[in-house]
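Structural characterization, general
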Amino acid sequence: FFKLARRLTANMRAAGAKTAVIFSTLLGMISGSAAGNVAVTGTLTIPMMKREGYQSHQAGAIEAVVSTGGQLMPPVMGAAAFIMAEIVGVPYANVMQAALVPALLFFASLFIVVHLQAAKSGLKPLPAEADDGEPLVMIILRGGQYIIPFAALIAMMLNGYSPFKASFISIIILLAAHIIWTRRISLDLMTKSARAITQGAKSVIPIAAACAAAGIIAGTLSITGLGSKISGLIVTASGGIVLIALLLTMLTAIILGMGLPTTAAYLILATVVAPALSKMGVPLLTAHMFVFFYGCVSTITPPVALASYVAAGIAGADINRVGWTAFFYGITCYILPFMFFFGPALMLNGAPLDLAQAFITGMAGVFCIACVVVGFMRTALPVWLRIVLAVAGLALLHQGWHSDLAGLALLGCAILIDRNRMHAHTSPAA
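Bringing the overall build of the protein chain into the picture now. Scanning the protein chain from N- to C-terminus turns up 21 helices and zero strands. Whereas a compact globule of 430 residues would reach a radius of gyration of roughly 22 Å, the protein chain reaches 22 Å, a difference of no more than 12%. Along the three orthogonal principal directions, the C-alpha set of the protein chain runs to about 75 × 65 × 45 Å. Among the 430 residues that make up the protein chain, the fraction classed as buried is 47%. The long-range share in the protein chain, meaning contacts at least 24 apart out of those at least 6 apart in sequence, stands at 72%. Carbon and sulfur atoms provide 72% of the accessible area of the protein chain, an area that totals close to 19,400 Å². Measuring between centres, the 23 positive side-chain charges of the protein chain sit 2 Å from its 12 negative side-chain charges.

Below, the discussion takes up unusual backbone geometry. Cis geometry is found at the peptide bond from Pro302 to Pro303, where omega equals 10°. Relative to the elements of secondary structure, Pro303 occurs in the loop between helix 15 (284-297) and helix 16 (306-315). With a phi close to 60°, Ala14 is a non-glycine residue in the positive phi region. Within the secondary structure, Ala14 is located in the loop between helix 1 (2-8) and helix 2 (15-31). Using a relative accessible area of 1% as the deciding quantity, one classes Ala14 as buried. Of note, Leu348 is a non-glycine position whose phi angle comes to about 60°, a positive value. Here Leu348 shows up in the loop between helix 18 (331-342) and helix 19 (352-374).

What follows concerns a nonpolar patch on the surface. Together, Ile241, Leu243, Ile244, Leu247 and Phe342 make up a nonpolar patch on the protein surface, roughly 400 Å² of accessible area in all. Of all the elements, helix 12 (residues 242-257) adds the most residues to the nonpolar patch, at three residues. Assignment of secondary structure puts Phe342 in helix 18.

In terms of burial, helix 18 is largely enclosed, as 10 of its 12 residues are buried. For helix 18, the complete set of buried residues consists of Thr332, Cys333, Tyr334, Ile335, Leu336, Pro337, Phe338, Met339, Phe340 and Phe341. Structurally, helix 18 contributes buried residues whose contacts are with helix 6 (92-121), helix 12, helix 15, helix 17 (319-329), helix 19 and helix 20 (383-397).

With respect to the helices and strands, the residue His423 is situated in helix 21 (residues 401-426). Using a relative accessible area of 42% as the deciding quantity, one classes His423 as partly exposed. Through-space distance from the C-alpha of His423 to that of Leu269 is 51 Å; in sequence the pair is 154 residues apart.

Running from amino to carboxyl end, helix 16 crosses helix 17 at an angle of 125°, the nearest separation of the two axes being 8 Å. In terms of orientation, helix 16 and helix 17 fall into the oblique class. The element helix 16 and its partner helix 17 pack so that their crossing is right-handed. Here Ser308, Tyr309 and Ala312 of helix 16 lie close against helix 17, whose contacting residues are Ile319, Val322, Gly323 and Ala326. Of the residues belonging to the contact of helix 16 with helix 17, the class tally is five nonpolar, two polar and no charged.

Thresholds applied
- Residues numbered from 1 in each chain as written.
- Predicted model: local features only at pLDDT ≥ 70, side-chain atom pairs only at ≥ 80, totals over all residues.
- Heavy atoms only, no water.
- Helix = DSSP H or I, 4+ residues; strand = E, 2+ residues; numbered from the N terminus.
- Rg over C-alpha atoms; globule rule 2.2 N^0.38 Å.
- Buried < 20%, exposed > 50% of the residue type's maximum accessible area, 1.4 Å probe, protein only.
- Contact = heavy atoms within 4.5 Å.
- Areas by Shrake-Rupley, 256 points an atom, 1.4 Å probe, with all protein chains shown as cover.
- Lys, Arg positive; Asp, Glu negative; His and termini not counted.
- Charge placed at Lys NZ, Arg CZ, Asp CG, Glu CD.
- Patch = residues over 30% accessible without salt bridge, like charges linked within 9 Å, V, L, I, M, F, W, Y side chains within 5 Å.
- Salt bridge = Lys/Arg side-chain N within 4 Å of Asp/Glu carboxyl O.
- Axes fitted to C-alpha atoms, helices over the stretch in contact; angles between N-to-C directions.
- Parallel < 35°, antiparallel > 145°, perpendicular 65-115°, else oblique.
- Left-handed = near helix turned anticlockwise from the far one by under 90°.
- Nonpolar A, V, L, I, M, F, W, Y, C, P; charged D, E, K, R; others polar.

Structure, rendered in structure tokens:
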């Protein structure tokens, strides 16, 4: 994954940060733990970004955000997505389908953020290292022993295999592919296989403990009636207005998710918060996806932001500064759940034309939000122009022809104004 990410981003501006985005996304969707993913990938990517010229808190924030967002990216989406499919009672393919476009928009936003931040800071591409010249085809061929089992896992999940059966068969395929690629069976392979079995058993313990603890909490909430009271309180306090209910649900989900691994956070949220939205007529999968997103981003939401704290330790930066920077870099992820509630096309529900429109205008919308976050397009943006772009971004992310046309008009005006400002700064008279 790391070699593939390095090769895909070689010679680009902000190549180190873009490598971190791709690498941490690929690993994050498998690990299912934002803080754990930061600990694994951050030791490689954060020093790369600092060498490139990013400040310590910026490098830490980028790694924290992308490691958190990896759990939103299909096809694996960490462990919580498998649990969601069981709770909601839908095929896992439906969960992947619902998360695909929001996840792509989130990572597109982060790609744009790191690029604009590099442009704003005047960072230049670093000279390619010796191992960067390896052809992409060779990297893929050498990594085939890892790609084949991964593809097999996804294919089996899409064809209705249980997660247990699909994982077991994929492990067998992985071992067979390794033997075929290396053309030998060594003592080292046996030793590593035994170690992998041991580590796999140990890795189950945190998830099992989270499920057990969430079960105890769910039982307690059911017996005492506290769960229904929280749901009822959200419904009552909102006065039947869905937008207010969504805001209250968002705040509750972030607070309950603080300090917890994503799987445990989602299990609690699915029990306590999601029923409130279901009572108001929100589709069950949409309600669970809504709380799942905020359960994930709670790891980068101050004051308790576990992923940001781990990244700050690796980067040697102030934890609060990393936490707030990560919050602003990941602001798109706080907006998207509202947009896919009001625009089902973002969850791939609707006619093909609606889906294409939602994706294209969504990409334009996250570009606007990224410009607002960094405060830069081709030149540094004044506050009033950032407000215009914020309105344009929200309008473009909201599904509908009227809002899209209004958003495109505002974006077009902002681009023209920014271009004129750039020409004014670079003209001989200036």
